[in-house]
Amino acid sequence: MIVENSLDEVKKRENALSIIKDIVESDGRDSLFDLTGLSGGFIADSSEISLLETYVGPAIFEDALQEVGIEHMGGEKVLPLNRTSSGILATILTLVKEDTNVVHYLAKLPAHPSIPRSCKLVGANYSETDVFDEFSIPDNTSLVVITGSTMDHQVIDEEEFKKVIDMAHQKDIPVMVDDASGARLRTTVFNQAKACDLGADIAITSTDKLMPGPRGGLMAGREDLIDEIKVKVNQFGLEAQPPAVLAMLNGIKNFNGDNLIKSFTRKDDLFELLSEKFSNFEKTPTGVMISPEGLAGEIDIPHNLSQKDLAFVFSFILLKDHGIITIPPVSMPGASATIRFDLSTSDAFDLDLNDLNKKIVSSFEELQDVIPNEEKCREIVFSS
Ligand SMILES: *Cc1c(COP(=O)(O)O)cnc(C)c1O
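**Looking at the sheet that holds strand β6 (residues 175–178)**
Next up, step 1: Taken in spatial order, the seven strands make up an open sheet running β2-β8-β7-β6-β5-β3-β4, and their pairing is mixed. The open sheet has two edge strands with one neighbour each: β2 (77–81) and β4 (125–129). Direction aside, the axes of adjacent strands within the sheet are offset by 20° on average.
Next up, step 2: The sheet strands contacting helix α3 (residues 56–73) are β2, β7 (202–206) and β8 (217–221), and the helix crosses β2 at an angle near 110°.
Next up, step 3: With respect to the sheet, helix α6 (residues 158–170) is in contact with β3 (101–105), β5 (141–147) and β6, its orientation differing from that of β5 by roughly 170°.

So this is what it looks like as structure tokens:
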């Protein structure tokens with residue numbers, strides 16, 4: 001095993017960032033192709049930047065974010081956070097007591113790790129399912145969680161979404177929606193309603209997913225709950241700082257749903273090209289992906305690597321040889337090792353798909369060449 005634990009994941013991320021830095025310094029930013037779908041960004045003009053003081057910044061930008069954020073997310077009030085994970089943690093710290101139950105329904109397992117980890121921290125009993133008929137809400141449940149769109153962009157069925165909210169509200173239990181990418185993917189591409197409009201009490205989105213914003217979280221929902229959660233957020237330092245709030249505000253204002261819709265059709269072309277060589281790529285709403293299992297299934301030579309390690313080595317080759325950034329090299333510990341090529345953000349707009357296909361094929365050939373040599377693979381992942 002190459003990447004065995006969270007420390008290894010932190011180390012591989014450091015290596016990935018140093019590779020990215022080297023590419024930017026030697027060949028320029030244009031030699032990188034960020035296909036993570038989380039390309040972030042920081043849109044701000046100089047007059048705004050000059051207002052980024054500790055207290056002046058929030059006075060101006062948090063106020064402006066209320067209106068723009070509510071328009072994007074629905075709900076009565078919004079709260080900007082350091083990350084989506086911070087919002088999930090704060091909600092669970094606020095609403096979930098020790099020994100109570102938290103039940104989670106999502107289109108496809110697994111859930112984002114921040115949800116089970118936060119439940120563990122407060123001593124709650126957590127359970128999750130992706131089988132709607134098996135979902136139920138036991139007695140002594142303090143919170144129902146729904147994921148709008150999973151880490152791998154599997155989108156929930158809207159009827160099931162409504163039914164879960166109904167079931168929770170019949171028992172007076174609040175519903176938190178993890179809508180990290182869903183707040184845009186579900187609504188823009190799948191024409192679903194905003195989570196708050198479907199009755200969610202709390203919904204949280206990631207402000208760098210499928211929109212040109214900074215890494216951050218934006219929570220929306222019932223004002224009374226947001227006020228209680230805000231206390232925990234401030235007590236534990238989970239709030240977004242003024243620069244992030246400014247960039248969130250401008251990121252949301254610059255969100256363009258047409259780009260998502262365009263990538264929805266372009267991904268079919270990329271999928272066709274890849275299918276000439278591979279059989280295990282899958283379509284996502286805005287790109288294509290290959291899971292660690294799928295990648296392992298493409299390989300026909302003997303090796304001792306785990307499926308996840310294969311995904312890490314492959315994605316590091318894509319990064320080193322072609323400047324293609326996918327999530328596994330740069331992700332936080334516990335994130336999915338699925339390799340997604342997302343076509344919805346700016347680096348992908350002008351990308352020649354034939355050329356991208358060739359780069360993916362040649363990286364795969366390189367992967368087949370190196371995997372018998374575990375030491376070499378370790379080097380690719382940990383030392384640039
Ligand atoms: C990305 C993601 C998160 C976490 O977002 P962070 O900003 O990294 O905390 C949570 N849930 C889902 C479904 C995600 O895709």
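**Section: the sheet that holds strand β9 (residues 282–284)**
Next up, step 1: Spatially, β9-β10-β12 is the arrangement adopted by the three strands of the open sheet, whose pairing is antiparallel. Edge strands, defined here as strands with exactly one partner in the open sheet, are β9 and β12 (339–342). Averaged over all neighbouring strand pairs, the angle between strand axes comes to 30°, with direction disregarded.
Next up, step 2: In this sheet, strand β10 (residues 287–290) lies alongside β9 in antiparallel orientation, the contact comprising three bridges. Among the inter-strand pairings, glutamate 282 is bridged to a residue of β10, identified as methionine 289.

**A look at the side chain of histidine 104**
Next up, step 1: Residue placement: histidine 104 occurs in strand β3.
Next up, step 2: Since its relative accessible area comes to 0%, histidine 104 is described here as buried.
Next up, step 3: Of note is the side chain of histidine 104, whose polar atom sits 2.8 Å from the side chain of tyrosine 126.

**Concerning the state of the cysteines**
In protein structure, a disulfide is the covalent linkage between the sulfur atoms of two cysteines.
Next up, step 1: Across all of its chains, the model carries zero disulfides by this definition.
Next up, step 2: Cysteine 119 takes part in no disulfide bond, and the closest cysteine sulfur to it belongs to cysteine 196, at a distance of 20 Å.
Next up, step 3: Overall, cysteine 119 belongs to the buried group, its relative accessible area being 1%.
Next up, step 4: According to the relative accessible area criterion, cysteine 196 is buried, its value standing at 13%.

**A few points about the site of the ligand**
Next up, step 1: Around the ligand, the surrounding shell consists of Arg83, Thr84, Ser85, His112, Ser149, Met151, Asp178, Ala180, Ser206, Lys209 and Arg215.
Next up, step 2: Here threonine 84 contributes a backbone N or O atom positioned 3.3 Å from an oxygen atom of the ligand.
Next up, step 3: Calculation on the ligand without its partners gives an accessible area of 380 Å², and the protein chains cover 94% of this total.
Next up, step 4: Tallied by class, the residues present in the shell around the ligand amount to two nonpolar, five polar and four charged.

**Digging into the domain arrangement of the chain**
Accessible area lost when the parts come together is the quantity often used to give the size of an interface.
Next up, step 1: Here the chain is described as being made up of domain 1 (6–31 + 256–382) and domain 2 (46–253).
Next up, step 2: Placing the centre of domain 1 and that of domain 2 at their C-alpha centroids yields a distance of 28 Å.
Next up, step 3: Taken together, the 16 residues of domain 1 in the interface contact 14 residues of domain 2.
Next up, step 4: Between domain 1 and domain 2, a total of about 1300 Å² is buried, with carbon and sulfur atoms accounting for 64% of that surface.
Next up, step 5: The tally of links from domain 1 across to domain 2 stands at zero salt bridges.
Next up, step 6: Here domain 1 is connected to domain 2 by four residue pairs in polar contact (both at pLDDT 80 or more).

**A few points about the environment of valine 103**
Next up, step 1: Here valine 103 shows up in strand β3.
Next up, step 2: For valine 103, a relative accessible area of 3% translates into the label buried.
Next up, step 3: With 72 residues separating them along the chain, valine 103 and valine 175 place their C-alpha atoms 9.9 Å apart.
Next up, step 4: Apart from the residues lying within four places of it in its own chain, the contact partners of valine 103 are Ser127, Phe135, Ser136, Ile137, Pro138, Thr141, Leu143, Val144 and Val145.

Calculation criteria
- Residues numbered from 1 in each chain as written.
- Predicted model: local features only at pLDDT ≥ 70, side-chain atom pairs only at ≥ 80, totals over all residues.
- Heavy atoms only, no water.
- Pairing = 2+ DSSP bridges.
- Helix = DSSP H or I, 4+ residues; strand = E, 2+ residues; numbered from the N terminus.
- Axes fitted to C-alpha atoms, helices over the stretch in contact; angles between N-to-C directions.
- Contact = heavy atoms within 4.5 Å.
- Buried < 20%, exposed > 50% of the residue type's maximum accessible area, 1.4 Å probe, protein only.
- Polar contact = N/O pair within 3.5 Å; in protein donor to acceptor, adjacent residues only side chain to side chain.
- Disulfide = S-S within 2.5 Å.
- Near = heavy atom within 4 Å.
- Areas by Shrake-Rupley, 256 points an atom, 1.4 Å probe, with all protein chains shown as cover.
- Nonpolar A, V, L, I, M, F, W, Y, C, P; charged D, E, K, R; others polar.
- Domains from an automatic or database assignment.
- Buried area = accessible area lost by both parts, 1.4 Å probe.
- Salt bridge = Lys/Arg side-chain N within 4 Å of Asp/Glu carboxyl O.

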